[in-house]
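Coordinate analysis (summary)
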Amino acid sequence: MGKKRTQAYTEEFRREAVKRAERPGATTASVARELGVSAQQIYNWRRQFNRLSEKQFNSRDGVDYSKQESAEVRRLGKELHEARQEVEFLKKAAAYFANHQE
């Protein structure tokens, strides 16, 4: 049995869908039918926009981060990787010098 592939929508598409559903005289269900998405999806996007307010849609491991937070997470990940490499190098250097002392 194959995996069900989910559609990825751009932030612009999501924002437009929410705006259209909030217009007077429009219903979320009619906008959803028009755009080919479920009404529940538009409700979810609206909730995300309200919760995130000024934040963008940036997910990492299923958690929404602002653009600035995502950059910080990437920077810290890179810094951690470099620190781990440095520790490994220092371990090897210490072992080398411990074996070659007279």
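Here the structure is shown first, and the text comes after it.
Here is a short report on the structure shown in this document. Quantities reported herein were computed from a predicted structural model and do not represent experimental measurements.

What follows deals with the overall build of the chain. The secondary structure content of the chain amounts to four helices and two strands. The helix and strand sequence of the chain, counted from the amino end, reads α-α-α-β-β-α. Within the span of the chain, comprising 102 residues, buried residues form 19% of the whole. Total accessible area on the chain stands at roughly 8,700 Å², and carbon and sulfur atoms take up 50% of it.

Right, let's get into helix α1 (residues 11-22). An α-helical turn contains 3.6 residues, so a residue and the one three or four places further along point in the same direction. With 12 residues, α1 extends 17 Å from end C-alpha to end C-alpha; this agrees with the ideal 16 Å at 1.5 Å per step. When α1 is considered as a whole, its buried residues turn out to be R14, A17, V18 and A21. Axial view of α1: buried residues confined to an arc of 95°, hence all on one face. For α1, the exposed residues lying more than 90 degrees away from the buried face are E12 and K19.

Before going further, it helps to examine the packing of α1 against helix α2 (residues 28-35). For any two helices packed against each other, one specifies the crossing angle of their axes together with the interaxial distance. The geometry of α1 relative to α2 is characterised by a closest axis approach of 8 Å and an angle of 140° between their N-to-C directions. When the axis of α1 is compared with that of α2, the two are oblique. You can see that α1 and α2 cross each other, and the crossing is right-handed. Contacts between α1 and α2 involve F13, A17, R20 and A21 from the former and T28, V31, E34 and L35 from the latter. Counted by class, the contact of α1 with α2 contains five nonpolar, one polar and two charged residues.

Before going further, it helps to spend a moment on the pattern of salt bridges. One pass over the full model with this rule turns up seven salt bridges. One salt bridge in this structure joins E11 and R15, with 2.9 Å as the shortest N-O distance. Of this pair, E11 and R15 both sit in helix α1, four residues apart, roughly one helical turn. By relative accessible area, E11 is classed as partly exposed at 21%. Note on R15: relative accessible area 30%, which makes it partly exposed. Beyond isolated ion pairs, a larger network of salt bridges with shared partners links E72, R75 and E79.

Parameters and conventions
Residues numbered from 1 in each chain as written. Predicted model: local features only at pLDDT ≥ 70, side-chain atom pairs only at ≥ 80, totals over all residues. Heavy atoms only, no water. Helix = DSSP H or I, 4+ residues; strand = E, 2+ residues; numbered from the N terminus. Buried < 20%, exposed > 50% of the residue type's maximum accessible area, 1.4 Å probe, protein only. Areas by Shrake-Rupley, 256 points an atom, 1.4 Å probe, with all protein chains shown as cover. Expected span 1.5 Å × (residues − 1). Arc of directions from axis to C-beta. Axes fitted to C-alpha atoms, helices over the stretch in contact; angles between N-to-C directions. Parallel < 35°, antiparallel > 145°, perpendicular 65-115°, else oblique. Left-handed = near helix turned anticlockwise from the far one by under 90°. Contact = heavy atoms within 4.5 Å. Nonpolar A, V, L, I, M, F, W, Y, C, P; charged D, E, K, R; others polar. Salt bridge = Lys/Arg side-chain N within 4 Å of Asp/Glu carboxyl O.

So far we have only geometry, and geometry alone does not tell us how the molecule works.
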